[in-house]
Amino acid sequence: MRVRPLLALSAAALSALVLAGCSSAADDAATPTASAASADLCAGVLDSGAASDAIEVTGEVGQEPAATFTAPLEITDPQRTVVTEGDGEVIADGDLVNYAVTAFDVTTGELLESAGYSEGEITPQPIVAQSLLGQVLGCASIGTRVVTTLPANGSTPAQIFVIDLLGTTPDAAWGEPQEPVDGLPTVTLDDAGAPTIEIPDTEAPTEVQLETLKKGDGAVVEPGATVLVQYTGVKWSDGSVFDSSWDRGTPASFATSGVVEGFKQALEGQTVGSQVLVVVPPAFGYGASEGHELQNETLVFVVDILATTAPAAG
């Protein structure tokens with residue numbers, strides 16, 4: 001059985017966690033040296049209980065685990081038990097976390113699905129206090145393994161997840177800086193990595209122009225893949241910003257098949273960790289979108305490619 005939402009901690013199951021109205025006190029095992037930025041994560045973590053404590057989990061962190069329990073397991077409320085305490089850095093509110101997850105059937109003990117143990121299977125997720133993932137991981141340290149039990153909610157059956165916290169992903173490109181290309185817009189970065197784009201005093205190009213500002217060392221973005229990116233887009237005509245993930249405070253995730261052709265060309269074939277500048281003439285942007293506010297605009301994007309997951313099979 002393939003239950004694709006389980007790869008992202010099952011949106012339906014974790015919605016059940018929120019609907020249960022859980023608001024637990026800080027876990028006794030919370031790391032005492034957690035920074036102030038992690039304090040709310042510590043306070044919002046789920047408590048352990050009879051159901052989560054009843055599950056024996058074996059195997060190394062970072063590898064698919066086995067779970068043993070007396071089935072069917074009765075789950076009455078959301079619970080979380082730490083199986084292995086990590087010895088890495090403590091995660092903080094807003095970090096983009098990398099994790100692996102395995103789901104087990106409550107009634108039979110059967111392994112349902114797992115993902116995240118190989119690169120590119122799960123997109124890094126921002127961890128936020130009182131968010132779904134935040135209540136499961138809390139202010140854990142890298143290398144932590146937890147088991148989480150969630151009760152049935154409506155049509156969503158009860159769930160068992162084993163989750164490994166594997167690391168964090170930077171929220172700005174980390175690749176090697178490249179030599180600038182003459183004649184293209186210039187880019188300056190602030191301390192956080194957010195770009196300011198300056199348009200040259202020349203005519204806008206009529207073809208897509210690409211420049212790699214930083215060359216990353218990660219996986220190659222495949223056609224149709226899902227990417228996690230930071231980006232800022234400005235108009236060539238006046239340099240004004242029309243869209244920016246930086247302004248919204250969180251990276252964006254989407255499939256390369258869901259963006260305009262010029263933006264798509266800036267993603268596919270590039271490597272994770274790269275920062276790319278792309279100039280998108282109307283014909284490769286919104287030129288065919290009658291009445292669109294950007295229909296006649298040449299657009300300039302600076303894109304930081306933070307992660308990619310392979311396109312879904314079929």
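Description of the structure in this document. Residue positions are given per chain, counting from 1 as you read along its sequence in written order. Reporting in this predicted model follows two pLDDT cut-offs: at least 70 for local features of residues, and 80 or more for side-chain atom pairs to be given and counted; totals over whole chains, interfaces and linings ignore these cut-offs and use all residues. Water and hydrogen atoms play no part in the side-chain values, which are based on all heavy atoms of the structure.

### Focus: the overall build of the protein
Point 1. In terms of helices and strands, the protein carries 6 helices and 17 strands.
Point 2. Accessible area is worked out with a 1.4 Å probe on protein chains only. A residue is then buried under 20% of its type maximum, exposed over 50%, and partly exposed in between. A burial count over the protein gives 46% of its 314 residues as buried.
Point 3. As presented, the protein carries roughly 14500 Å² of accessible surface, and 48% of it is formed by carbon and sulfur atoms. Helix numbers and strand numbers start at the N terminus; a helix is a DSSP run of H or I with at least 4 residues, a strand a run of E with at least 2. What sets the accessible areas is the Shrake-Rupley method with a 1.4 Å probe; for residues, cover comes only from the shown protein chains.

### Some points on the pattern of salt bridges
Point 1. When a carboxyl oxygen of Asp or Glu is within 4 Å of a side-chain nitrogen of Lys or Arg, the pair counts as a salt bridge. The tally for this structure, following the rule as stated, stands at 2 salt bridges.
Point 2. Between D164 and R145 there is a salt bridge, and its shortest N-O distance comes to 2.6 Å. Here the residue D164 occupies a position in strand β8 (residues 159-169), and R145 occupies one in strand β7 (residues 145-150), the gap between them amounting to 19 residues.
Point 3. R145 sits in the buried class, given a relative accessible area of 0%.

### Re the pairing of strand β5 (residues 111-115)
Point 1. Within β5, 4 of the 5 residues are buried, leaving the element largely enclosed by the surrounding structure.
Point 2. When DSSP finds at least two bridges between two strands, those strands are taken to pair. Bridge analysis of strand β4 (residues 96-104) against β5 gives 4 bridges, and the strand direction is antiparallel. Note on β5: the bridge partner recorded for V101 is A115.
Point 3. Taking the residues that link successive antiparallel strands as the turn, the β4-β5 hairpin has 6 residues, and the phi of G109 there is positive, at about 80°.

### Overview of the nonpolar core
Point 1. Buried Ala, Val, Leu, Ile, Met, Phe, Trp, Tyr and Cys residues that are joined via side-chain atoms within 4.5 Å together make up what is termed a nonpolar core. Grouped together as the largest cluster of nonpolar side chains are 22 residues, with contacts concentrated most on I91, V97, Y99, L137, I163 and L165.
Point 2. Those elements giving two or more residues to this core turn out to be α2 (39-43), β4, β5, α4 (132-137), β7 and β8.
Point 3. Core analysis: the next-biggest nonpolar cluster, separate from the first, contains 20 residues, V221, V229, A252 and V260 among them.

### Some points on the packing of aromatic side chains
Point 1. Classification of ring pairs uses Phe, Tyr and Trp, with its six-membered ring standing for Trp, and accepts pairs whose centres are within 6.5 Å; under 30 degrees between planes counts as stacked, over 60 as edge-to-face, and the remaining range as tilted. Here the structure, examined in full by the defined rule, presents 5 aromatic pairs.
Point 2. For the ring pair F254 and F263, a centre distance of 5.9 Å and an interplane angle of 75° mean the geometry is edge-to-face.
Point 3. A residue is classified by how much of its surface remains accessible, and F263, at 5% relative accessible area, is buried.
Point 4. Taken together, the ring pairs in this structure connect Y231, F242, F254, F263 and F301 into an aromatic cluster.

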